[in-house]
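# Examining the three-dimensional arrangement
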Amino acid sequence: LLRLIVVGINSFNGLNDNDTPHVVFQFQNIPVKRRMNAEKTSVGGYRDSEMREYLVPFQSKEGSGKFLAGLINAGVPEDVLWVPLRCVYTGSSTEKISDPLWLPTGKEMFCDGFQYDEEEADNQAWLEYYESGDLVKYQNSSAAGVYWVATPYGKNKFFSVSRSGGEVDNPADSAYGVVPAFCVR
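Before going into details, it helps to say that this report is about the structure given with it. Each chain has its residues counted from 1, running along the sequence as written. pLDDT decides what is reported in this predicted model: residues at 70 or higher carry local features, side-chain atom pairs at 80 or more are listed and counted, and totals for whole chains, interfaces and linings draw on all residues regardless. The basis for every side-chain value is the complete set of heavy atoms in the structure, and neither hydrogens nor water enter the calculation.

When a protein is soluble and globular, its nonpolar side chains tend to lie buried together. One finds Y46, M51, L55 and L103 to be the most contacted residues of the largest nonpolar core, which totals 45 residues. Excluding anything up to four places from it in sequence, M51 contacts R34, R35, M36, Y46, L103, W148 and V178. Among buried residues, those of type Ala, Val, Leu, Ile, Met, Phe, Trp, Tyr and Cys that are joined through side-chain atoms within 4.5 Å constitute a nonpolar core. Classification of residues uses two cut-offs on accessible area relative to the type maximum, computed with a 1.4 Å probe and protein chains only: under 20% is buried, over 50% is exposed, and between them is partly exposed. Residue contacts are defined here by distance: any two heavy atoms, one from each residue, within 4.5 Å place the two residues in contact.

So this is what it looks like as structure tokens:
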């Protein structure tokens, strides 16, 4: 049994020409563990990552989008999903992407305390649920787990949320939790 929590309401409006009323959902706990990239690299950032390919259909690659397909098969109607235009840092520049399911960035999770890339931070929402600083999520009913965010760090790492809820960087080929988010209108 997977549970969802509301982490934002109209969070992306006013940014990147988004103006659709929406609710942002994220998994309450860590539903699965995955690596960001088999190769220990953050080149291309989340935009070009193996993780993104797992979450959503990716450049017409067969077998991509398994997590989104599972979400739809579990009963989330595809026609209610709303896709915000979001800014993500690639490791060398900031680009806009639109995915129906995604990993939040450092800014979306940690807010103004997270300023790794200024352009990403200026064009990114903060998910209101995390104003309290409660970022701890569990792999099962008793053990806090580490989970990924979409912001790369250096040439071979991405940021993640530690077991205590702080930011930490980890090698891209390490398997940690995946806690995707999505919007409905």
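Before going further, it helps to examine unusual backbone geometry. Backbone geometry at N10 places phi at a positive 55°, although glycine is not the residue there. The numbering of helices and of strands both runs from the N terminus, where a helix is a DSSP run of H or I of at least 4 residues and a strand a run of E of at least 2. By the secondary structure assignment, N10 is in the loop between β1 (4-9) and β2 (23-27). With a relative accessible area of 32%, N10 lands in the partly exposed category.

This part takes up the pairing of strand β5 (residues 86-89). Each regular strand shows side chains that alternate between the opposite faces of the sheet. Along β5, one buried face is formed by R86 and V88 and the opposite face, lined by C87 and Y89, is buried too. Pairing between strands is defined by DSSP: at least two bridges between the two strands are required. Direction of pairing for β5 relative to strand β6 (residues 94-97): antiparallel, over a ladder of four bridges. Counted as the bridge partner of C87 is K96 from β6. Counting the residues between successive antiparallel strands, the hairpin from β5 to β6 contains four residues, one of them, G91, with a positive phi of roughly 105°.

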